[in-house]
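Below are the chains, spelled out letter by letter.
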Amino acid sequence: MNSTPITDAAFALCLALLLLAPLAIAGVALINTGLGRCRSAAQALLGNLAIVAVTAIAFALVGATWIGGAGHVIQLADRPWNWLGTGSYLVGGLSAASAHAQLALLSEFLAVALAALIPWGSGADRLRLTAGCALAAVLAATVFPLLAHWVWGGGWLSQLGVNFSLGAGFLDGGGAATVQVLGGLSALAVVWIAGPRRGKFPKEGLSTALPGHNAVYVLFGCLLALVGWLGWNVAGALLWLHVPLSALPVTAVNTLLSAAGSLVATFAVTRFRFGKPDASLCANGWLAGLVASSACAGIVTPVESLFVGLVAGIATPLLVELLELALSIDDPSGAITVHAVGGLWGLLAAGIFATQPGQLVAQLVGIATLLGLVLPLVYLLFWLLNRVVPFRVDADGERIGMDLHELGGGAYPEFVIHRDESYR
Amino acid sequence: MKYAGLLVMPAGFFLTIAALVLFPDAAPREAFVLCGLAVECLGLAVAVRGHMEAARGEGR
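Quick summary incoming for the structure in this document. (Residues numbered from 1 in each chain as written. Chains lettered and ligands numbered in written order. Predicted model: local features only at pLDDT ≥ 70, side-chain atom pairs only at ≥ 80, totals over all residues. Heavy atoms only, no water.)

Concerning the overall build of chain A
Across its full length, chain A holds 15 helices and two strands. Against the 2.2 N^0.38 benchmark of 22 Å for 424 residues, chain A shows a C-alpha radius of gyration of 21 Å, consistent with a compact globule. In terms of overall dimensions, chain A has a C-alpha envelope of 65 × 45 × 40 Å along the principal axes. Out of the 424 residues belonging to chain A, those deemed buried represent 58%. A sequence separation of at least 24 residues applies to 79% of the contacts in chain A between residues at least 6 apart. Accessible surface, chain A as shown: approximately 15500 Å² in total, 69% of it carbon and sulfur. The positive charge centre, built from 17 side chains, and the negative charge centre, built from 20, are 9 Å apart in chain A. (Helix = DSSP H or I, 4+ residues; strand = E, 2+ residues; numbered from the N terminus. Rg over C-alpha atoms; globule rule 2.2 N^0.38 Å. Buried < 20%, exposed > 50% of the residue type's maximum accessible area, 1.4 Å probe, protein only. Contact = heavy atoms within 4.5 Å. Areas by Shrake-Rupley, 256 points an atom, 1.4 Å probe, with all protein chains shown as cover. Lys, Arg positive; Asp, Glu negative; His and termini not counted. Charge placed at Lys NZ, Arg CZ, Asp CG, Glu CD.)

Regarding the pairing of strand E1 (residues 72–76) of chain A
Look at any regular strand and the pattern is simple: side chains alternate between the two faces of the sheet. Residue and element names in this part refer to chain A. Sheet topology places E1 next to strand E2 (residues 79–84); five bridges connect them, and they run antiparallel. Looking at the pairing, isoleucine 74 lines up with tryptophan 81 of E2. Counted along the chain from E1 to the antiparallel partner E2, the turn is two residues long, and its residue alanine 77 has a positive phi close to 55°. (Pairing = 2+ DSSP bridges.)

Overview of empty space enclosed by the protein
Residue and element names in this part refer to chain A. Applying the stated rule across the entire model yields five cavities of 30 Å³ or more. The computed volume of the largest cavity comes to approximately 60 Å³. Forming the boundary of the largest cavity are Val28, Ile31, Asn32, Ile118, Asn284, Leu287, Ser333, Gly334, Ala335, Val338 and His339. Class assignment for the residues of the lining of the largest cavity results in six nonpolar, five polar and no charged. (1 Å grid on protein atoms, 1.4 Å probe; cavity = no way out; pocket = protein on both sides within 12 Å on 5 of 7 lines; lining within 4 Å. Points joined across faces, edges and corners; volume = space filled by probe spheres on them. Nonpolar A, V, L, I, M, F, W, Y, C, P; charged D, E, K, R; others polar.)

As for the interface of chain A and chain B
Chain A puts 40 residues into the contact, and the matching count from chain B is 27 residues. Here chain A packs against chain B, burying approximately 2900 Å² in sum over the two surfaces, 71% of which is carbon and sulfur. Linking chain A to chain B there are zero salt bridges. The interface formed by chain A and chain B includes five residue pairs in polar contact (both at pLDDT 80 or more). Going through the elements one at a time, helix H6 (160–164), helix H7 (176–194), helix H11 (302–326) and helix H13 (359–388) of chain A are the ones with two or more residues in the side of chain A that touches chain B. Among the elements that take part in the side of chain A that touches chain B, H13 of chain A stands out by supplying 13 residues, more than any other. Residues belonging to the side of chain A that touches chain B are distributed by class as follows: 29 nonpolar, six polar and five charged. (Buried area = accessible area lost by both parts, 1.4 Å probe. Salt bridge = Lys/Arg side-chain N within 4 Å of Asp/Glu carboxyl O. Polar contact = N/O pair within 3.5 Å; in protein donor to acceptor, adjacent residues only side chain to side chain.)

Here's the deal with the side chain of histidine 149 of chain A
Relative to the helices and strands, histidine 149 of chain A is located in helix H5 (residues 129–151). Those residues within four positions of histidine 149 of chain A in sequence are excluded, and the remaining contacts are Trp66, Ile67, Gly68, Gly69, Gly71, Asn82, Trp83, Leu84, Gly85, Gly154 and Gly155 of chain A.

Concerning the layout of surface pockets
The calculated volume of the largest pocket comes to roughly 720 Å³. Every residue lining the largest pocket is counted, 31 residues in all, and those nearest its centre are Pro211, Ser280, Leu281, Val320 and Glu324 of chain A. When contributions to the lining of the largest pocket are tallied by element, the ones reaching two or more residues are helix H2 (22–35), helix H8 (215–239), helix H10 (279–296) and H11 of chain A. Sort the elements by how many residues they give to the lining of the largest pocket and H11 of chain A lands first, with six residues. Within the lining of the largest pocket, the residues separate by chemical class into 15 nonpolar, nine polar and seven charged. As a volume, the second largest pocket reaches approximately 520 Å³. Forming the walls of the second largest pocket are 20 residues, and the residues nearest its centre are Leu319, Val341, Leu344 and Leu371 of chain A together with Leu44 of chain B. Put simply, the parts of the chain that give the lining of the second largest pocket at least two residues each are H7, H11, helix H12 (335–352) and H13 of chain A together with helix H2 (26–58) of chain B.

Regarding the packing of H8 of chain A against helix H9 (residues 248–274) of chain A
Residues and elements named next belong to chain A. In the contact formed by H8 and H9, the axes pass within 9 Å of each other and the chain directions differ by 140°. Overall, the two elements H8 and H9 adopt an arrangement that is oblique. Every pair of crossing elements has a handedness; the one defined by H8 and H9 is right-handed. Counting all contacts with H8, which are made through Leu226, Trp229, Leu230, Asn233, Val234, Ala237 and Leu238, the residues of H9 involved are Leu248, Thr251, Ala252, Thr255 and Leu256. (Axes fitted to C-alpha atoms, helices over the stretch in contact; angles between N-to-C directions. Parallel < 35°, antiparallel > 145°, perpendicular 65-115°, else oblique. Left-handed = near helix turned anticlockwise from the far one by under 90°.)

Section: a nonpolar patch on the surface
Together, Ile57, Leu61, Val62, Trp66, Tyr89 and Leu90 of chain A line one region of the surface with nonpolar side chains, adding up to about 590 Å² of accessible area. Secondary-structure assignment places leucine 61 of chain A in helix H3 (residues 41–61). (Patch = residues over 30% accessible without salt bridge, like charges linked within 9 Å, V, L, I, M, F, W, Y side chains within 5 Å.)

See below:
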């Protein structure tokens, strides 16, 4: 693990910012719940909570061992490739570790929880609670530590600058790759394996609209996410990009501008396409702006950050529509577009706007790693996991709702739930 | 078809790694990194196409 010295002031600031970061988790949890159906709301929110708990335990027991330390190095073409961390077992010796190492580990505990929540939103209304916890444990114990070591822990992606003269190596201050794209690609794997919700894609005709049940949860989740993201991006700029304290306000402004630009663009696109702005798509646009800012808020100028947000905001509603209508991908939370595509765009933008030569290629190599290695690996692990812990609930469970089926009671017991037309 | 696409994607990744190792000059390295990404996109497109057929075929 990187043990760069950190001043007392920077340590206190970074710790305070990381303690705000769970608000991003709370925001995403509310968005996941609000975009699902009312008959699965309690199961969805309980699942978010259980996933945070399971990832913390799995990461402490297994994942943290693979993330830090000097790392295993192989020599290829006379260059070192640091591919796996060698941290202490069971988070041992944490109190004696350097201040930077302690903050890094806290950041990674929070990061893995957020990464594992993202596929849970995509599997809404059909993913079993045990399956959600199992896939979170797999992510926290295997793929996340591997990727986080490569990007944050002195692994080969972070060393691309030293070993191949590619800028400053792969840059990801706010976890766009390790959290957002990993989560988004995991969401794609879950959707592929679990399949669409029953009645979503009839054999003939257009796909059935299954709108989210609570726009207030979704939009309030966006506001919570802003606070969490500000903490996350600024802490990440300190921890991983080693930005001086004087440059941190710009990182925060960039985060806000990216989200703002994205929301305005999505608002305009949905108003132009549908005649009225769409609340859930605007929420997705806002979140896509935040996700894109994770990669580049600590690197770009405010104007560039606004541009990054505008592009994310234009692309989000169009891609959500494309995925559902043209590609038959049933993603209730829009996580694949928001987290995977938004994160990839942010990583690319960090390379486009960087001033160091070779930085764009470093970012492209990171993107190629995510698409070419991480996605197939996650799919393989989830496919195997699905054989042991079936992801999808049975048809009867899906019909009565996940709340009644898995918890024995609904989130809104006094509501009368209307008959579902898709089951005729 | 989905599995074929998912198998093509690591090939693109290894092409990218090969570009780093084999080409010290910037221009051919960039070109091969882009080729690697293009192969990955091709694999992703095939995998998505395979999923579409399965999703529509199930008609859940």
